[in-house]
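Analysis of the macromolecular model
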Amino acid sequence: MSDQRHPLSHGPRGTPDSHDARAHGGTVSRWWGRFKESPFLPATVLVLIIGAAAGLFAGSYTYAMADPTPRRIPVAVVGHTAAHEERAEVFADAMSEDLRSSLELHEYPTRAAAEDALEAQKVFAVLLVPADLDRERPVLNVSGASGASVAELLTQAARAVGEETGLRVTVRDVKPLDPGDPRGLALFYVTLAAVVAGFIGAIQLSVNAKALNPPERIAFTAAYSLLGGFSITAIVDWGLGAVDFPFVHSWMILALTMFASGMVFTMFQTLIGRWAMLPTWGLMVLIGNPSSGGAVSWPLLPSPLGTIGRWLPPGASVNAQHTAVYFPGHRHVQPYLVLAGWAIVSCAVFWVWRHRHPGGRETDGP
């Protein structure tokens, strides 16, 4: 009896199923190859990224600003006797409970010392305890310029707690905001404008002036930053009268902010190419702007944002601008170092790895 096998039973390689699988695999491979080389792959990736970014954008701002909760508010107390200190602590504890936070009481020997601490932004309010609590009311001096949201919360809590404890307090705003900016949001908006215009300018240079060589790209970034900073300052101050800027100082802060933002994009474009917008947007907009302290003061932000924000360009810009406008006698070097640091590091990375940047042109030989 001959050993004849069925024509189709020649093992896995000869089965119709394996043939179909190979054909299907080849079709998928060819389709993927064509798709990968087409403009549809980056377009599809962008659809997914933009859809996710929209949710992250809304989430980051909601997380930071929708329900500001105080976590640490330093308050100066001027009072000497044990009785005064005890009653002041009872008042502060009641305010802490009302605010769901912990006030930090710092005792100062004199009113002048406490007010100097307020000017230096070491404290957000000063509680003045009079010699005779039965005849005089304590006074809580808040500073709207130090943070409108903090001053508003302290004012509301002081009045409510004063009724509850019997230690009624007179609240005064000794450092109010400019009349044209009663909510204290103008500095946040001018910083947001500088940050966004800064990296949009760098994007436009990469698209419409791609042939610029590195020194030229840095120079044109500086040029639009200077012009943009001047434009923002002039419109908000001279045009709208919203904030009385120290003009040249505020102009230079905004120009440095725009330049740092533009060079951050250029740095990421050098490192990762066409997807540079992702880390730029994440760093500057998703994290940087909500944590800047411009819309919601740092003591009311979630703790990580309140710490991170000071070391990012938007937070440093708001901090520098805020001090220049309202506390010119107590300027701090830290925000300027942060802005300059981001600008210098970004320029250095771009320059060292400039051969990886998609722009530029061949230079003529000697």
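An account of the accompanying structure is given in this report.

The strand order across the open sheet built from five strands is β2-β1-β3-β4-β5, with neighbouring strands paired in mixed fashion. Here the strands that pair on one side only, and so sit at the sheet edges, are β2 (103-107) and β5 (170-173). Mean inter-strand twist for the sheet, computed between neighbouring axes without regard to direction, equals 25°. Alignment of strand β4 (residues 139-142) against β5, held across four bridges, turns out to be parallel. Within the sheet, the bridge partner assigned to Val139 lies in β5 and is Thr170. Seen against the sheet, helix α4 (residues 111-119) touches β1 (73-78), β3 (125-128) and β4 and runs at an angle of roughly 165° to β3.

Here the focus is the nonpolar core. In this structure, Val243, Phe245 and Tyr326 are the most contacted members of the largest nonpolar core, which totals 32 residues. Only α6 (186-208), α7 (214-239), α8 (247-272), α9 (277-288) and α11 (313-326) provide two or more residues apiece to this core. Residue contributions to this core peak at eight residues, all from α6. Among all residues touching Phe245, those that are not within four sequence positions of it are Leu187, Val190, Thr233, Val236, Asp237, Ser250, Gln321 and Val325.

Here we come to the layout of surface pockets. Over the atoms, a rolling probe the size of a water molecule traces out where space has been left empty. When its volume is computed, the largest pocket comes out at roughly 870 Å³. Taken together, 40 residues form the lining of the largest pocket, with Phe124, Ser146, Ser297, Trp298 and Pro299 sitting closest to its centre. With four residues, α11 is the single largest residue contributor to the lining of the largest pocket. Its residues assigned to classes, the lining of the largest pocket shows 16 nonpolar, 17 polar and seven charged.

For the rest of this paragraph, the subject is the environment of Leu118. Position of Leu118 among the secondary structure elements: in helix α4. Separated by 25 residues in sequence, Leu118 and Ser143 have C-alpha atoms that sit 7.7 Å apart. For Leu118, the residues in contact, after removing those within four places along its chain, are Val123, Phe124, Ala125, Val126, Ser143, Ser146, Val174 and Phe327.

The next point concerns the packing of aromatic side chains. Here the structure, examined in full by the defined rule, presents seven aromatic pairs. Taking the centre distance of 4.2 Å and the plane angle of 10° together, the rings of Trp238 and Phe247 count as stacked. Taking the relative accessible area as the measure of exposure, Trp238 reaches 58% and is therefore exposed. Look at Phe247 and you get buried, because its relative accessible area is 15%. Taken together through their ring pairs, the aromatic side chains of Phe230, Trp238, Phe247 and Trp251 make up a single cluster. In this structure, Arg354 is placed above the aromatic ring of Trp351, and the distance from its NZ or CZ to the ring centre is 4.5 Å.

This part is about the pattern of salt bridges. One pass over the full model with this rule turns up three salt bridges. Here Glu115 makes a salt bridge to Arg111, at a shortest N to O gap of 2.8 Å. Of this pair, Glu115 and Arg111 both sit in helix α4, four residues apart, which is roughly one turn of the helix.

Conventions and cut-offs
Residues numbered from 1 in each chain as written. Predicted model: local features only at pLDDT ≥ 70, side-chain atom pairs only at ≥ 80, totals over all residues. Heavy atoms only, no water. Pairing = 2+ DSSP bridges. Helix = DSSP H or I, 4+ residues; strand = E, 2+ residues; numbered from the N terminus. Axes fitted to C-alpha atoms, helices over the stretch in contact; angles between N-to-C directions. Contact = heavy atoms within 4.5 Å. Core = buried A, V, L, I, M, F, W, Y, C linked by side-chain atoms within 4.5 Å. Buried < 20%, exposed > 50% of the residue type's maximum accessible area, 1.4 Å probe, protein only. 1 Å grid on protein atoms, 1.4 Å probe; cavity = no way out; pocket = protein on both sides within 12 Å on 5 of 7 lines; lining within 4 Å. Points joined across faces, edges and corners; volume = space filled by probe spheres on them. Nonpolar A, V, L, I, M, F, W, Y, C, P; charged D, E, K, R; others polar. Phe/Tyr/Trp six-rings, centres within 6.5 Å; stacked < 30°, edge-to-face > 60°. Lys NZ or Arg CZ within 6 Å of the ring centre and 35° of its normal. Salt bridge = Lys/Arg side-chain N within 4 Å of Asp/Glu carboxyl O.

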